[in-house]
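Given next are the chains, with one letter for each unit.
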Amino acid sequence: ALETMGKTALSAVGVHTPASASEQPAPGVLSIEQRAAEVRKSFPNALAVDDFMNRVEVALADKGFTGNNTIAMSNLCRDESCMILEDKIESVFGSCFSTHGLGGVLTCGVIGIKAGLSHSPVLGGKEQYVFFSFPHIAIDSDGGVGKISRPNRPDTSA
């Protein structure tokens with residue numbers, strides 16, 4: 001779950017929503033809907049990642065920030081489960097400058113920020129940036145908060 005603008009974005013990374021009864025989760029494993037309900041217990045205003053990015057795109061376009069004139073700088077955890085959000089950001093703004101922090105904390109330092117601030121298109125003498133900085137919170141297949149179930153791993157992990 002990703003908290004921003006008073007909302008939380010749910011990222012269903014690596015989760016397949018069953019199309020038929022034969023594809024239902026194994027006994028004892030929560031469905032994506034059940035895990036989303038677990039997220040909403042702590043984050044009642046949670047949004048799906050696609051809904052979040054659609055809202056961001058519309059809101060920022062209204063302010064003149066588009067993929068044609070703006071670069072996104074993303075500060076997401078290095079965890080592979082966060083890469084779907086980076087992919088969604090890039091689908092709106094093109095390739096982003098990634099600083100990869102931990103826990104939503106920017107860890108690239110002044111040199112990293114200066115590097116990122118030299119990548120925006122310059123249009124009419126103006127540069128535009130959009131910053132995305134998020135921690136992530138895992139929900140495992142049993143609904144446990146703080147751990148994630150990874151394919152072919154016997155136990156959950158952070």
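Residues numbered from 1 in each chain as written. Predicted model: local features only at pLDDT ≥ 70, side-chain atom pairs only at ≥ 80, totals over all residues. Heavy atoms only, no water.

Engineer: Talk me through the sheet that holds strand 8 (residues 129-133); I want residue IDs and the actual numbers.
Structural biologist: Each strand in a sheet pairs with another by means of backbone hydrogen bonds, the pair being arranged parallel or else antiparallel. One open sheet accounts for 3 strands, arranged 5-4-8; its pairing is parallel. Only two strands of the sheet have a single partner each, and these edge strands are strand 5 (97-98) and strand 8. Examined bridge by bridge, strand 4 (residues 71-75) and strand 8 share 5 bridges and lie parallel to one another. Opposite Ala 72, over in strand 8, you have Val 130 as the bridge partner. (Pairing = 2+ DSSP bridges. Helix = DSSP H or I, 4+ residues; strand = E, 2+ residues; numbered from the N terminus.)

Engineer: So what's going on with the packing of helix 2 (residues 49-62) against helix 3 (residues 83-93)? Residues and values would help.
Structural biologist: Contact pair helix 2 / helix 3: the axes reach a minimum separation of 10 Å and the direction vectors enclose 30°. The orientation of helix 2 with respect to helix 3, classified from their angle, is roughly parallel. In the crossing of helix 2 with helix 3, the sense of the turn from one axis to the other is right-handed. Contacts between helix 2 and helix 3 involve Val 49, Asp 50, Met 53, Glu 57 and Leu 60 from the first element and Leu 85, Lys 88, Ile 89, Val 92 and Phe 93 from the second. A breakdown of the residues in the contact of helix 2 with helix 3 according to their chemical character gives 7 nonpolar, no polar and 3 charged. (Axes fitted to C-alpha atoms, helices over the stretch in contact; angles between N-to-C directions. Parallel < 35°, antiparallel > 145°, perpendicular 65-115°, else oblique. Left-handed = near helix turned anticlockwise from the far one by under 90°. Contact = heavy atoms within 4.5 Å. Nonpolar A, V, L, I, M, F, W, Y, C, P; charged D, E, K, R; others polar.)

Engineer: Could you give me a rundown of the nonpolar core, with the residues and numbers involved?
Structural biologist: Within soluble globular proteins, side chains that are nonpolar tend to cluster in buried spots. Of all hydrophobic cores here, the largest spans 17 residues; its most connected members are Met 53, Leu 85, Ile 89, Phe 93 and Phe 132. Secondary-structure elements contributing two or more residues to this core are helix 2, helix 3 and strand 8. Leaving out residues up to four positions away in the same chain, Phe 93 has contacts with Leu 60, Phe 65, Thr 66, Gly 67, Thr 70, Ala 72, Val 130 and Phe 132. (Core = buried A, V, L, I, M, F, W, Y, C linked by side-chain atoms within 4.5 Å. Buried < 20%, exposed > 50% of the residue type's maximum accessible area, 1.4 Å probe, protein only.)

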